[in-house]
Amino acid sequence: MESQCKEEPVLHIVVVGFHHKKGCQVEFSYPPIIPGAGHDSNTLPEEWKYLPFLALPDGAHNHQEDTVYFHLPPLDGQQKCVYGVSCYRQMEAKALKVREADITRETVQKSVCVLSQLPLFGLIQAKLQLITHAYFEEKDFSQISILKELYDHMNRSLSCTALEGSQIYLGLSARDLILHFKHKVLILFKLILLEKKILFYVTPVKRLVETLMTVLSLFPGIIEHGLADSSHYQPRRSISEDFSSPEIISADEESLSMSTTDITNISKELEGRYDVSDQPDQSKPCNTTLDTHYLQPHAGSLLDSECEWETLEPHVMDEMEGKVDVAHSNMFDTDSGLPITVQPQSATGQGMLTSGLISGLQEDQYGLPLAIFTKGYLCMPYMALQQHHLLSDISVRGFVAGATNILFRQQRHLSDAIVDVDEARIQIHDPELRKMLYLSTADLRFADYLVKHVTENKEDVFLDGTGWEGGDEWIRAQFGLYIHSLLSSALQQDHERLLADYGTAFTSAWKITHNYRVWISNKHLAMASITPGSMQNSERGKKIGNAVMSTSRSVVQTGKAVGQSVGGALTVAKSAMSSWFSMLAQPTAAVSASPQSAD
């Protein structure tokens, strides 16, 4: 971390344009990507050959502007992922003051990109969007001085300290995620813990990448320090490489990065490579209704078709919530200050970071972030069509990826789960995986607690940044509590009984994942302060939970009143919460760890 902080965070400012004959290409880079080459060189290192297609995404011509977050593999001699943010715009060619000879189309489409060593996606995007707008307003793309100024400004203003505050989550609304996906956010959370092949799908790209990264923000420390190895893949030659169609068809018919012919060729190749008999049976009629048993293990439903998952839609979930309250009247403790499944713990608890002996990641005293995105498990917030082969690459053991091209969604056998962001729907094909992801009674209690507090708190509470309960930081704190409790339970002698709250099938599968084996192989002394298992539904438990949340909320509001940043106030809040943990660790103040009965 220290060496990373000493280096300039921004590596390059890059402009990618669409050429009517050459397709997507780099038109400008500062400093030059290839040492010794000019700033207008189109040449790229082999590791970054997908850069033009990531920065200028498929179907970009359908939008006046868009935003892309993407990851690039490290170059030779480097070890860490490179984080890309691209702002795309298009304008009419006739509006240009200076029109170059090779601009033959009616519209001009370009993206301005920042390649950074720090995953400050939202913060970079906020600055980059303004500069991209100004660059286009010049109506003369040879005026590159503003881009050089952007490079200097960002290297002066960005630093590693931004990873420690709330700025790291700028633009990632956990509230909106809960409001849209509701209980299914916990299913997404568990899917990633199981290191499955997960594909997010929606257009435009901005909505796609923000949804995917918001899900990742629920994992303590993942965005800040857990993505360093998330783009370690090897580009290879394939039919999606080096498109040289003699003439690109019109903007209304073509994809910015490849022609219709290329897409057809890829489809035929994939159909030949995979036997269609492996496809899920489409002939089985889907049940159009959903009841509460779909969220819990049920003897007659575990081997049903995937239809039940495809009908996990928001309006059905709304209806289901009422049924859950009737069927499990004691399952939710709405008066408690904390969900019964977790115990008070700091939102991130990172404190002093050290390099993990096995993971190589910067870890806190609890061993977080978990080593999920390591050893061939990729994170690709946006995935270009040219990278399609990575879905079946034998060196890629799994991925969390975002796509806007329908071809990715059609090749369902290449992923374990497809997340339709628009419909808030999760398609899971394997019945055994569905069995692992059925939400237990304690899981439902936790998810209902989140949904209840997010939906009941009014939006105006958060306008001045003083909101806490039901707000973004509060939601992330709850998932932090969930993961801390899960890890602590796994350490106990009676761990099977404690882990039952998280689902026996799920925890059995999680304990053979790479991230669990890395975590359990090291001792994390701070875990001794975490009481494992579910928090007992006792009066003392309620008082402790309410006190922790009240303290945190008050500190945030006080910090705002005296002019502190929300991030700084939350740091104080987390410190205040830590004092409660020491009390919990004392024998006289310990909360019983016995599982809460369903009665």
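Our structure is the block above this text.
Quick notes on the rules
- All chains use their own residue numbering, which begins from 1 and follows the written sequence.
- At least 70 in pLDDT is required for a residue's local features to be given in this predicted model, at least 80 for side-chain atom pairs to be given and counted, and no such filter applies to totals for whole chains, interfaces and linings, which use all residues.
- Hydrogens and waters are ignored; side-chain quantities use all the structure's heavy atoms.
- A pair of strands is treated as paired once DSSP finds two or more bridges between them.
- Numbering goes from the N terminus for both helices and strands, where a helix is a DSSP run of H or I of at least four residues and a strand is a run of E of at least two.
- In this description, a line fitted to the C-alpha atoms serves as the axis of each element, helices being fitted only across the stretch in contact, and the angle between N-to-C directions of two axes falls anywhere from 0 to 180 degrees.
- Pairs of residues are marked as contacts when any of their non-hydrogen atoms sit within 4.5 Å.
- Exposed residues in this analysis have more than 50% of their type's maximum accessible area, buried residues have under 20%, and partly exposed residues fall in between, with area computed by a 1.4 Å probe over protein chains only.
- Nonpolar cores are built from buried Ala, Val, Leu, Ile, Met, Phe, Trp, Tyr and Cys residues. Side-chain atoms within 4.5 Å join them into one set.

Novice: Just to check I follow, could you spell out the sheet that holds strand E6 (residues 198-201) for this structure?
Specialist: Within a sheet, neighbouring strands are paired by backbone hydrogen bonds and run either parallel or antiparallel to one another. The strand order E9-E10-E6-E11-E12 describes an open sheet built from 5 strands, whose pairing is mixed. Both edges of this open sheet fall to strand E9 (377-380) and strand E12 (425-428), since each of them pairs with a single strand only. Across the sheet, the mean angle from the axis of one strand to that of its neighbour is 15°, orientation sign disregarded. Across 4 bridges, E9 lies against strand E10 (residues 398-403) in parallel orientation. Bridging across to E10, Cys379 finds its partner in Val400. The sheet contacts of helix H6 (residues 184-193) involve E6, E9, E10, strand E11 (417-420) and E12, and relative to E12 the element is tilted by about 40°.

Novice: Help me understand the pairing of E11, please; the structure alone is not making it clear to me.
Specialist: The side chains of a regular strand alternate between the sheet's two faces. Where burial is concerned, the two faces of E11 agree: the one with Ala417 and Val419 and the one with Ile418 and Asp420 are both buried. Relative to E11, E6 is paired through 4 bridges, and the arrangement is parallel. The residue of E11 that forms the bridge with Ile198 is Ala417. Pairing between E11 and E12: 4 bridges, direction antiparallel. The residue bridging Ile418 from the neighbouring strand is Gln427, located in E12.

Novice: I keep staring at the sheet that holds strand E4 (residues 82-92) and nothing clicks. Help me out?
Specialist: In spatial order, the strands read E2-E1-E5-E4-E3; together these 5 strands make up an open sheet with antiparallel pairing. Two strands in the sheet have a free side with no partner beyond their single neighbour: strand E2 (23-30) and strand E3 (65-72). Across the sheet, the mean angle separating the axes of adjacent strands is 25° when strand polarity is ignored. Pairing of E4 with strand E5 (residues 107-116) involves 10 bridges; the strand directions are antiparallel. If you follow Met91 over to E5, its bridge partner there is Val108. Docked against the sheet, helix H4 (residues 145-157) engages strand E1 (10-19), E2 and E5, running at close to 150° with respect to E1.

Novice: What's the story with the nonpolar core in this structure? I'm lost.
Specialist: One broad trend across soluble globular proteins is that nonpolar side chains are buried collectively. Leu147, Leu191, Leu193, Phe200, Leu216, Phe373 and Phe479 are the most contacted members of the largest nonpolar core, which totals 150 residues. The element best represented in this core is helix H15 (residues 472-490), accounting for 9 residues. If near-sequence neighbours (up to four positions away) are discounted, Leu147 is found in contact with Ile13, Val15, Phe28, Val112, Ile131 and Tyr135.

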